[in-house]
Amino acid sequence: MNITELREYLCTQYPDLCPLFSIEFGDGVLTVPSDRLGEAMCSLKDLGFDFLGMLTAVDYGDEFELVYRLRAREMHLGLFLKTRVPREAPHIRSVTALWPSANWHEREVFDLFGIVFDGHPDLRRILLPDDWVGHPLRKDYEDPNIIRRPDYL
Amino acid sequence: MEEGCAEVAGIDDVARALERTSGGGVILTSLDAIQDWARGYSLWMMPMGTACCAIELIAASFSRFDFDRHGSIPRPDPRHTDVMIVAGTICTRMAPAVKRLWDQMPDPKWCIAMGNCAVSGGIFYYDTYSVVRGVDQFLPVDVYITGCPPRPESLQDGILRLREKVRAESASPSRTREIEGVLPLPSDAPRGEAGESE
């Protein structure tokens, strides 16, 4: 199965997901609104996407984009799933119930971006010390301990 | 058991007593020779490898460079080791673990900061929120080895420099010699013959 066949298959099985699916640079990308994430994830898991390889986030200023990389091992297919959450209330549903590998990835995104995953079993910092203030990968992060590189270097 | 510990702790007292005794210096010199020989040629290392410098550290341990011939055997247990080689970037989260391993090493112990990251933070010095800028912020470093990563030859040079330092130590603190650094500061007196002018 290749990516166009996946699109046809997805459209026959789950017609409501079909308009959200696009092919960018040869990779399938499913862009869903954040309130439909759980539904889309359940559908994809049923479709055979049994492996969550990666989970990360991007800071776009007034909102964060979450990127999930899913793989269907039997179909030899990969798929990106993207969703956006507002910066003022960065809440998203946890997918640890579907893919246990999301556990530490979601902790990392929480640690570095401050996005709260509702329903996560153990949401606390994973890479930084527990008493750390702020979330360093946000664009507006300020830390007085950072030494800025001078212009001449 | 406790009596044995008390004997070990009393070596300094014995050394001080020997220094005051006439002819005691001969015994002290022989004692130092044995001690420094034993310590200097069995610098078992605690490989605290956290980044790419650890690859060079591993290469140094195997047959091409063969640090066994210097008596430097990597041991996985801090309680067996004499010198901690910090090879790699130390993050703020990692620093307490490194300090704890250092505290588990028995005295006498030495520390080698291997690579630019362990020396000063290296390429992570600027614009980084999570990297400790040099392990000398929380460990007493004896030898600094620069390089990104350093060659195993540099590490070998560091081990030999450390051995010089170890062999300069004495059971009596007043007999311990100072070892000057590899690179003299501009403020230091020029090396070679004293009073020699150019």
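Residues numbered from 1 in each chain as written. Chains lettered and ligands numbered in written order. Predicted model: local features only at pLDDT ≥ 70, side-chain atom pairs only at ≥ 80, totals over all residues. Heavy atoms only, no water.

Participant: How do you make sense of the overall build of chain A when you look at a structure like this?
Facilitator: Looking only at helices and strands, one finds three helices and seven strands in chain A. Taken from N to C terminus, the helices and strands of chain A fall in the order α-β-β-α-β-β-β-β-α-β. By its C-alpha atoms, chain A is 55 × 40 × 25 Å across when sized along the principal axes. When the 153 residues of chain A are sorted by exposure, 44% land in the buried category. Counting only contacts in chain A whose residues sit at least 6 apart along the sequence, the fraction spanning at least 24 positions is 50%. Working note: accessible area of chain A is about 8,400 Å², and carbon and sulfur atoms make up 53% of it. (Helix = DSSP H or I, 4+ residues; strand = E, 2+ residues; numbered from the N terminus. Buried < 20%, exposed > 50% of the residue type's maximum accessible area, 1.4 Å probe, protein only. Contact = heavy atoms within 4.5 Å. Areas by Shrake-Rupley, 256 points an atom, 1.4 Å probe, with all protein chains shown as cover.)

Participant: Can you walk me through the nonpolar core in this structure?
Facilitator: One recurring pattern in soluble globular proteins: nonpolar side chains tend to sit buried together. Core analysis: the largest hydrophobic core is formed by 41 residues, its most contacted members being Leu44, Phe49, Leu66, Tyr68, Leu81 and Ile115 of chain A. Those elements that place two or more of their residues in this core are helix H1 (3-13), helix H2 (37-47), strand S3 (51-59), strand S4 (63-72), strand S5 (77-86) and helix H3 (102-113) of chain A. Those residues in contact with Leu66 of chain A that lie beyond four places of it in its chain are Leu55, Thr56, Ala57, Leu81, Lys82, Thr83, Val85, Ile92, Val109, Ile115 and Phe117 of chain A. Membership of the second largest hydrophobic core comes to 19 residues, among which are Leu57, Ile85, Ile112 and Val166 of chain B. (Core = buried A, V, L, I, M, F, W, Y, C linked by side-chain atoms within 4.5 Å.)

Participant: Which parts of the structure should I look at to understand the pattern of salt bridges?
Facilitator: Where side chains of opposite charge bring their charged atoms close, a pairing between them can arise. Applying the stated rule across the entire model yields 14 salt bridges over all chains. For the salt bridge of Arg148 of chain A with Asp127 of chain B, the shortest nitrogen-to-oxygen distance reads 3.4 Å. One end of the pair, Arg148 of chain A, is in the segment after strand S7 (116-118); the other, Asp127 of chain B, is in the loop between helix H6 (116-120) and strand S4 (143-145), on a second chain. Each of Asp59, Arg87 and Asp140 of chain A takes part in one network of salt bridges that share partners. (Salt bridge = Lys/Arg side-chain N within 4 Å of Asp/Glu carboxyl O.)

Participant: How do you make sense of the pairing of strand S1 (residues 21-24) of chain A when you look at a structure like this?
Facilitator: Residues in a regular strand point their side chains to alternate faces of the sheet. Residues and elements named next belong to chain A. Two elements, S1 and strand S2 (residues 27-31), share four bridges in a ladder whose sense is antiparallel. By the bridge assignment for S2, Ile23 is matched with Gly28. The loop that links S1 with its antiparallel partner S2 comprises two residues; one of these, Phe25, has a positive phi angle of about 55°. (Pairing = 2+ DSSP bridges.)

Participant: Sorry if this is basic, but what is going on with the environment of Arg20 of chain B here?
Facilitator: All names here are of chain B. Inspection of the secondary structure puts Arg20 in helix H2 (residues 11-20). Of the residues examined, Arg20 reaches a relative accessible area of 67% and is grouped as exposed. Distance in space between the C-alpha atoms of Arg20 and Gly121 is 47 Å, their sequence separation being 101 residues.

Participant: Please clarify how H3 of chain A should be interpreted in this entry.
Facilitator: The periodicity of an α-helix, 3.6 residues per turn, causes residues three or four places apart in sequence to face the same way. Taking 1.5 Å per residue as the helical rise, H3 of chain A with its 12 residues ought to reach 16 Å, and the 16 Å between its terminal C-alpha atoms agrees with that figure. Residues Ala102, Glu106, Arg107, Val109, Phe110, Asp111, Leu112 and Phe113 of chain A constitute the buried set of H3 of chain A. (Expected span 1.5 Å × (residues − 1).)

Participant: Even after reading the chapter, I still don't get unusual backbone geometry, so can you show me in this structure?
Facilitator: Note on backbone geometry: most residues besides glycine have negative phi, and most peptide bonds are trans. Residue and element names in this part refer to chain B. Here Asp107 and Pro108 are connected by a cis peptide whose omega angle stands at -5°. Tracing the backbone through its elements, the reader meets Pro108 in the loop between helix H5 (95-104) and strand S3 (110-114). Here the residue pair Cys148 and Pro149 is connected by a cis peptide bond, since its omega of -10° sits within 30 degrees of zero. In this structure, Pro149 sits in the loop between S4 and helix H7 (152-167). For Asp66, which is not a glycine, the phi torsion comes out positive at approximately 55°.

Participant: How do you make sense of the interface of chain A and chain B when you look at a structure like this?
Facilitator: Interface size is commonly expressed as the accessible area that is lost once the parts come together. Taken together, the contacts link 19 residues of chain A with 10 residues of chain B. Buried surface at the junction of chain A and chain B, summed over both partners, amounts to about 1,100 Å²; 57% is from carbon and sulfur atoms. Looking at the side of chain A facing chain B, the largest losses of area belong to Ile146, Ile147 and Arg149 of chain A, adding up to 40% of the total buried there. The interface formed by chain A and chain B includes one salt bridge. Our enumeration of links across chain A and chain B arrives at six residue pairs in polar contact (both at pLDDT 80 or more). (Buried area = accessible area lost by both parts, 1.4 Å probe. Polar contact = N/O pair within 3.5 Å; in protein donor to acceptor, adjacent residues only side chain to side chain.)

Participant: Quick question: what am I supposed to make of the state of the cysteines here?
Facilitator: Think of a disulfide as a covalent bridge from one cysteine sulfur atom to another cysteine sulfur atom. Residues and elements named next belong to chain B. Counted according to the given criterion, the structure contains zero disulfides over all chains. Free of any disulfide, Cys53 has its nearest neighbouring cysteine sulfur in Cys52, separated by 5.4 Å. By relative accessible area, Cys53 is classed as buried at 7%. (Disulfide = S-S within 2.5 Å.)

Participant: Whenever I open this one, the sheet that holds strand S2 (residues 83-87) of chain B confuses me. Can you help?
Facilitator: What links the strands of a sheet is backbone hydrogen bonding, and the strands pair in either a parallel or an antiparallel sense. Residue and element names in this part refer to chain B. In space, the four strands of this open sheet follow the order S1-S2-S3-S4, with parallel pairing throughout. Pairing within the sheet leaves two strands with one partner each, and these edge strands are strand S1 (45-49) and S4. Within this sheet the neighbouring strands show an average axis-to-axis angle of 15°, counted without direction. Summarising the sheet, S1 and S2 pair through five bridges and their orientation is parallel. Residue pairing for S2: Gly49 is matched across the bridge by Ala87. (Axes fitted to C-alpha atoms, helices over the stretch in contact; angles between N-to-C directions.)

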